[in-house]
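Close look at the chain arrangement
Here is what each chain is made of, one letter per residue.
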Amino acid sequence: MAIRTRFAPSPTGYMHIGNLRTALYAYLVARKDPEGVFILRIEDTDQGRLVEGATDIIYDTLKACGLEHDEGPDVGGDYGPYVQSERVKSGIYFDHAVKLIQRGGAHYCFCDEETLTAERKAAGDSFKFDDPCKYLSQEEIQKRLDSGVKYVIRQNIPTEGTTSFEDEVFGTVTVENSTLDEQVLLKSDGFPTYNFANVIDDHMMGITDVVRGMEYLSSTPKYNLIYEAFGWDIPRYIHCPPVMKDEHNKLSKRNGDASFQDLMAKGYLPEAVLNYIALLGWSPEEDREIFTIKELTQAFNVKHIGKVGAIFDPEKLKWLNGMWLRAMDLDSYTALVTPYIDQAVRGDFDRRKIAAIVQQRANTLNEIPEMLGFLDEFPSYDSELYRNKKMKTDPSVALESLKAVREALAEQEDWSDEALHAKLMELPAKLGKKNGQVLFPARLAITGVQVTPGGAIEIASILGKEETLRRLDLSISQLEALQ
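No experiment lies behind these values; they were computed from the predicted model shown.

1. Digging into the overall build of the protein chain
Of the regular secondary structure elements, the protein chain holds 21 helices and 11 strands. Against the compact-globule benchmark of 23 Å for 483 residues, the protein chain has a radius of gyration of 32 Å, which places it well outside the compact range. For the protein chain, the spread of C-alpha atoms along the three principal axes comes to 105 × 50 × 35 Å. Looking at the protein chain as a whole, 51% of its 483 residues are labelled buried. Carbon and sulfur atoms form 49% of the exposed surface of the protein chain, whose accessible area is close to 23200 Å². Charge centroids of the protein chain, computed over 55 positive and 76 negative side chains, lie 3 Å from each other.

Below, the structure written as C-alpha cells:
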C-alpha cells in the first residue's frame, strides 16, 4: 500500500513554526515513497477559535514552502470533503458515533456538562469520571433520546488492563487503562471533538502514517481503542518532540512567538526557514546543515527524529538564511532584493552593483535598507573615526592618503571596478603605506559611516566619478580644518 500522510491544521491564525515542521515531516514521509500521497485536511470543528482568512494563510504557507499537497479542499481528491465542518453536515461523525455505541466502544451521556466541568476543576488531576449513563437500560436511554434531552457521546474505556502501541520515535508506549478519561466524542451541538474526528477521518482517507506532536502520545491509546472497536487497521505513528522557546517553554503562537508569517515579514526566505525547522528535532546522517526540499526528501529518516525538544535559535536561523542568500546567483538575488534596495536608495545607482555588495553581508532581507542610507545622502561624521589602531590610521595619516586618492581618481577615465581596483591598489606602495592606511580612509571619506556593506573600490564604482570626487573634497576639507 502506498504511504498516505496528512497535515491537518486548524484555521485559528498564523502558521505556528511547530505546525509547519509537522507539515514538513508529513510531506517528507510521503515523498519517500514514489507513490506516496500528502493530504491537506482542514480541522475546523472548534468553531469558537476560527479566524477569518486563516485557511488562506495555510494554503499560502504551504505554497511558499513548496509543500505541494496531492489532495485537499482546494485541489480535490477521492476522499473528500477535506474540511471537517463539511463532513459534519454529511453526517459522517454522527453515523460513526452511533455505530461505535452499537459496537460497545461508546455510550450516550446525558450528564450536565457545566456540573462536570466544575467537578473536574475542583478535583484537579485526581478527577476520574465514572459516567452513570453507562449503566442506564436501553429502554431508559431511548426514552431520554425521544424526549429531546441534550446529550453527548462518550468513549467507553476499560477500567482494567493496559493499552500499548508502537511509535517510530518513542518505541513501545504502554498506559494503564485506569488513567484514561472517558472523553467526549460527539458534542451536544453535533460537532465531533478533535479526538474523534481525526480518527474517523484518518481511517476514511486511508492515512497510513500519522505524523504529529508528542503531546498526543497520551491520547493515542484512546484513539487506538476506537480503531480496535471498529476493527480497523491502526496507522504507523510518528510523534515528534516539541519546538522549544527555551529549556522550559514550548514555542507557541499563543505566547506571541514568531510564526512563519512573522519570519517572512522580517526578511527570511521560505527555503531557509524550512531548512532550519527540518533540523529542529531531526539529525541527518551526513555532517551538513544546508538542504533543499529535494535533498531533504532524500535524506529524511524518521529513525533520526529525537525524543527531546529542540530549542529554536533565532541567531542560527539568521546565519542559515544568510547562507541561502549568498548561494543565490547574482541576477536572481538582484531581482529579489531590489524592492529592499529601493526602500533606502532613490538615486539612479546600479541596483545590480548594490546587490553585489550587500549579498555577502546581509543575513536577512530587512537588513539591506539600513545598510544603504549613505548612498543618497552623504552624512556628516566625526573625523575621529579615522583613528583606528587596527588600520594604523589617524586624521593626519588619512589626510595624506585622501589627497593621493583624490588626485589619482581625478585622472581616472575608466570607472569600472577592475580599473578602479588597479588604480587604487597602486597607491599604498607609492605612499609607503599599508593597504588599510589608504583604503580604510577612502571608504570612510566617501560614505561617512564606519561600517558599510562594501569597500572603497566597490562603493566608488556605484557612486560614480563626480559624486566620489565631491565627497572626497568635502572630507579633505574637513580634515584640513583640523590642521
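2. Some details on the environment of Ala404
Here Ala404 shows up in helix H17 (residues 395-410). Judged by relative accessible area, Ala404 falls into the buried class, the value being 16%. Separated by 20 residues in the primary sequence, Ala404 and Leu424 have C-alpha atoms spaced 9.5 Å apart. Excluding residues that lie within four positions of it along the chain, Ala404 makes contacts with Leu427 and Leu431.

3. Considerations on the side chain of Glu367
Tracing the backbone shows Glu367 in helix H15 (residues 367-371). Buried and unpaired, Glu367 has Lys318 as its nearest opposite-charge partner, separated by 4.1 Å. Reaching out from Glu367, the side chain makes a polar contact with the backbone nitrogen of Asn363 at a distance of 2.9 Å. Those residues in contact with Glu367 that sit more than four places away from it in its chain are Lys318, Arg361 and Ala362.

4. Details of helix H13 (residues 330-344)
Compared with the 21 Å implied by 1.5 Å per residue over 15 residues, the 20 Å span of H13 between its first and last C-alpha is a close match. For H13, the complete set of buried residues consists of Tyr333, Thr334, Val337, Tyr340, Ile341 and Ala344. Next to the buried residues of H13 lie helix H12 (314-327), helix H14 (351-359), H15 and helix H16 (373-376). The distance from a side-chain oxygen at the start of H13 to the backbone nitrogen of Asp331 is 3.2 Å, and the residue carrying that oxygen is Asp329.

5. As for the packing of aromatic side chains
For the structure shown, the criterion picks out 14 aromatic pairs. When the centroid spacing of 5.5 Å and the interplanar angle of 90° are considered together, the rings of Tyr27 and Phe38 count as edge-to-face. Within this pair, whereas Tyr27 is found in helix H1 (residues 17-31), its partner Phe38 is found in strand E2 (residues 37-40), the two being separated by 11 residues in sequence. Of the two residues, Tyr27 and Phe38, neither departs from the other in class, the shared state being buried.

6. A word on the sheet that holds strand E7 (residues 184-186)
Spatial strand order, E3-E4-E7: three strands in an open sheet with antiparallel pairing. Whereas interior strands pair on both sides, the edge strands pair on one side only; in this sheet they are strand E3 (106-109) and E7. Strand-to-strand twist of the sheet, defined as the mean angle between neighbouring strand axes without regard to direction, takes the value 45°. Pairing analysis gives two bridges linking strand E4 (residues 152-155) to E7, with the strands arranged antiparallel. Across the sheet, Arg154 pairs through a bridge with Val184, a residue of E7.

7. Regarding the pairing of strand E1 (residues 4-7)
Across the two faces of E1 the burial is the same, with Arg4 and Arg6 and Thr5 and Phe7 all buried. Relative to E2, E1 runs parallel, the two sharing four bridges. Along E2, the bridge assignment pairs Arg4 with Val37.

8. Details of the pairing of strand E6 (residues 171-176)
Across six bridges, strand E5 (residues 162-167) lies against E6 in antiparallel orientation. Residue pairing for E6: Asp167 is matched across the bridge by Gly171.

9. Side note on the pattern of salt bridges
Summed over all chains, the structure comprises 24 salt bridges. Of the charged contacts, one joins Arg288 and Glu295 as a salt bridge, the two residues approaching to 3.1 Å between their closest N and O atoms. According to the relative accessible area criterion, Glu295 is partly exposed, its value standing at 28%. For Arg387, the salt bridge goes to Glu384, with nearest N and O atoms at 2.8 Å. Residues participating in the shared-partner salt-bridge network are Arg6, Arg41, Glu43, Arg87, Asp201 and Asp202.

Here is what the cut-offs are and how they apply
- Residues numbered from 1 in each chain as written.
- Predicted model: local features only at pLDDT ≥ 70, side-chain atom pairs only at ≥ 80, totals over all residues.
- Heavy atoms only, no water.
- Helix = DSSP H or I, 4+ residues; strand = E, 2+ residues; numbered from the N terminus.
- Rg over C-alpha atoms; globule rule 2.2 N^0.38 Å.
- Buried < 20%, exposed > 50% of the residue type's maximum accessible area, 1.4 Å probe, protein only.
- Areas by Shrake-Rupley, 256 points an atom, 1.4 Å probe, with all protein chains shown as cover.
- Lys, Arg positive; Asp, Glu negative; His and termini not counted.
- Charge placed at Lys NZ, Arg CZ, Asp CG, Glu CD.
- Contact = heavy atoms within 4.5 Å.
- Salt bridge = Lys/Arg side-chain N within 4 Å of Asp/Glu carboxyl O.
- Polar contact = N/O pair within 3.5 Å; in protein donor to acceptor, adjacent residues only side chain to side chain.
- Expected span 1.5 Å × (residues − 1).
- Phe/Tyr/Trp six-rings, centres within 6.5 Å; stacked < 30°, edge-to-face > 60°.
- Pairing = 2+ DSSP bridges.
- Axes fitted to C-alpha atoms, helices over the stretch in contact; angles between N-to-C directions.

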